[in-house]
Amino acid sequence: MATVVTVTSGKGGVGKTTSSAAIAAGLAQAGHRTVVIDFDVGLRNLDLIMGVERRVVFDFVNVIAGEATLNQALIQDKRLENLSILAASQTKDKDALTEEGVGQVLDELAELGFEYIVCDSPAGIERGATMALHFADHAVIVTNPEVSSVRDSDRILGILQSKSKRAKEGGKVHEHLLITRYDPVRVENGEMLSKEDVCDILAVKLIGVIPESKAVLKASNTGAPVILDQDSDAGLAYSDSVARFLGEDRPMRFVTPRKQGLLSRILGGGD
Amino acid sequence: MGLFGLFSGKKKTSAAAAKERLQILISHERQNRQGPDFLPDLQRDILDVVKKYVAIREDHVSVRLDRAGDASVLELNVTLPEN
């Protein structure tokens, strides 16, 4: 049985694709055969973040439509042998993702021996997003410490709890909160919601806090998941998050401001 | 918080304001979505019955379901116009 992990948020631009790429790469690094699927039909970007944009021949929708086999569409990652990528189509037809078609592809991926299927959900609550949510065993809710992102995450939680396959069968999707673009200095100054605030409001178990980091843009510039950059705070924070997902107990890092000099502390808070 | 912060007294931070606004909003939105599916229909039926006797508008009837401990309380508010 493969485990379906859906990375979702409701709001756009909070770091879903960055997180999907990092989590999938992290699971593969941990020795699990993993595939990451782009559900953003019409606006694919996972291929770019994974650095495989020039290797996409067939995509997810081609497979659903029977125009290509799954093996033709899967792109093997060149850095991690346990990792494959399934790109989204750039056709505009969102209705191409049918429940039956998506279900069939997921079953086939499980038969091929993948242990984890990471679904990169598009923003919004339309078809691509609801399809990615529907089959989730686990959901990673990516949230920025910012009001609109937190509110949208709560709406997504509502959909998970009422409309997902597991919920309809009387079960529950395992929910994990991943806070991204966290700035401990601003939190300390009372300018940003703290991780505790966000956890309180959403009532979901925290799986990780990714600090605001220059490494994320650098990683997307070069098409390498940021988790591979183990010299960066964001890369290490994603590694911790994946380890926690796999059941390890690790303390949170990068959640307090780096120690300032005495003088700058006396003269006034932060930037 | 630097020296200026210490002297300016306890002002509510913007993060605290964000948290408060979100808590109010989200508890309201959750109430709406967690309510059973029949609530809107119930509201419409009650409105129809009351309308037979008194002229009221849709927004004069509110139906809420609150949870108190292990019991649920159905709260009906019908505002009757004067006269």
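Residues numbered from 1 in each chain as written. Chains lettered and ligands numbered in written order. Predicted model: local features only at pLDDT ≥ 70, side-chain atom pairs only at ≥ 80, totals over all residues. Heavy atoms only, no water.

Residues and elements named next belong to chain A. Under the counting rule described, the total for this entry stands at two aromatic pairs over all chains. With a centroid separation of 6.0 Å and 65 degrees between ring planes, the pair formed by tyrosine 116 and phenylalanine 245 is classed as edge-to-face. Of this pair, tyrosine 116 sits in strand β5 (residues 116-120) while phenylalanine 245 is found in helix α12 (residues 233-245), placing the two residues 129 residues apart along the sequence. Taking the relative accessible area as the measure of exposure, tyrosine 116 reaches 13% and is therefore buried. (Phe/Tyr/Trp six-rings, centres within 6.5 Å; stacked < 30°, edge-to-face > 60°. Helix = DSSP H or I, 4+ residues; strand = E, 2+ residues; numbered from the N terminus. Buried < 20%, exposed > 50% of the residue type's maximum accessible area, 1.4 Å probe, protein only.)

Our next topic: the sheet that holds β5(A). Residues and elements named next belong to chain A. Ordered in space as β3-β4-β2-β5-β1-β6-β7-β8, the eight strands form an open sheet in which the pairing is mixed. This sheet does not close on itself; its edge strands, each paired only once, are β3 (75-76) and β8 (206-211). Strand direction decides the pairing type here: strand β6 (residues 138-143) and strand β7 (residues 174-182), joined by six bridges, are parallel. Each bridged residue has a counterpart across the sheet, and for histidine 138 the counterpart in β7 is histidine 174. Here helix α10 (residues 195-202) sits on the sheet and contacts β6, β7 and β8; the angle it forms with β7, its principal contact strand, is near 145 degrees. (Pairing = 2+ DSSP bridges. Contact = heavy atoms within 4.5 Å. Axes fitted to C-alpha atoms, helices over the stretch in contact; angles between N-to-C directions.)

Its side-chain oxygen placed 3.0 Å from the backbone nitrogen of Ala215(A), Ser213(A) serves as the N-cap of helix α11 (residues 214-222) of chain A. Just past α11(A), the residue Gly223(A) takes up positive phi, approximately 75 degrees. (Polar contact = N/O pair within 3.5 Å; in protein donor to acceptor, adjacent residues only side chain to side chain.)

All names here are of chain A. Phi is positive for alanine 203, close to 55 degrees, though the residue is something other than glycine. Inspection of the secondary structure puts alanine 203 in the loop between α10 and β8. Phi is positive for phenylalanine 254, close to 60 degrees, though the residue is something other than glycine. Along the polypeptide, phenylalanine 254 turns up in the loop between α12 and α13 (262-267).

With that settled, the discussion passes to the environment of Glu111(A). Residue and element names in this part refer to chain A. Within the secondary structure layout, glutamate 111 lies in helix α5 (residues 99-111). When its relative accessible area of 67% is taken as the criterion, glutamate 111 is described as exposed. Glutamate 111 sits 110 residues away from methionine 1 along the chain, and the two C-alpha atoms are 8.2 Å apart.

To continue, consider the side chain of Glu175(A). Topologically, Glu175(A) is positioned in strand β7. A distance of 2.9 Å separates a polar atom in the side chain of Glu175(A) from a polar atom in the side chain of Gln161(A).

For the structure on display, the rule yields 17 salt bridges over all chains. For Arg151(A), the salt bridge identified is with Glu29(B), shortest N-O distance 2.7 Å. Within this pair, whereas Arg151(A) is found in helix α7 (residues 147-163), its partner Glu29(B) is found in helix α2 (residues 14-34), the two belonging to separate chains. Judged by its relative accessible area of 19%, Glu29(B) is buried. Ionic pairing is found between Glu175(A) and Lys172(A), a salt bridge with its closest N-O pair at 3.9 Å. Several salt bridges share partner residues, and in doing so they unite Asp240(A), Glu248(A), Arg250(A) and Arg253(A) into one network. (Salt bridge = Lys/Arg side-chain N within 4 Å of Asp/Glu carboxyl O.)

Formed by 37 residues in total, the largest nonpolar core has its most connected members in Leu83(A) and Leu178(A). Looking at which element gives the most residues to this core, the answer is helix α1 (residues 16-29) of chain A, with seven residues. In this structure, Leu178(A) is in contact with Ser19(A), Ile23(A), Val140(A), Ile141(A), Val142(A), Thr143(A), Ile207(A), Gly208(A), Ile210(A), Tyr238(A) and Ser241(A), ignoring residues within four places of it in sequence. Counting 27 residues, the second largest nonpolar core, distinct from the first, contains Ile156(A), Val198(A), Leu206(A) and Ile26(B). (Core = buried A, V, L, I, M, F, W, Y, C linked by side-chain atoms within 4.5 Å.)

With that out of the way, let us pick up helix α3 (residues 39-53) of chain B. All names here are of chain B. Between its first and last C-alpha, α3 extends 22 Å over 15 residues, near the 21 Å set by a 1.5 Å rise per residue. Residues of α3 that are buried include every one of Leu39, Ile46, Leu47 and Val50, and no others. With its buried residues spanning 105 degrees around the axis, α3 presents them on a single face. Buried residues along α3 sit against β1 (61-68) and β2 (71-78). (Expected span 1.5 Å × (residues − 1). Arc of directions from axis to C-beta.)

When pLDDT is averaged along chain B, the result is 79, and 83% of the positions lie at 70 or above. Looking across chain B, the model is least confident in helix α1 (residues 3-7) of chain B, with a mean pLDDT of 53, and most confident in α2(B), with 88. (pLDDT = per-residue confidence, 0-100.)

All names here are of chain A. Counting buried positions over the five residues of strand β2 (residues 34-38) gives five, a clear majority of the element. Here β2 shows two buried faces, one formed by Thr34, Val36 and Asp38 and the other by Val35 and Ile37. Sheet topology note: the β2/strand β4 (residues 83-86) ladder contains four bridges and is parallel. By the bridge assignment, valine 36 is partnered in β4 with isoleucine 85. Bridging between β2 and β5 involves five bridges; their strand directions are parallel. The partner of threonine 34 across the bridge, within β5, is tyrosine 116.

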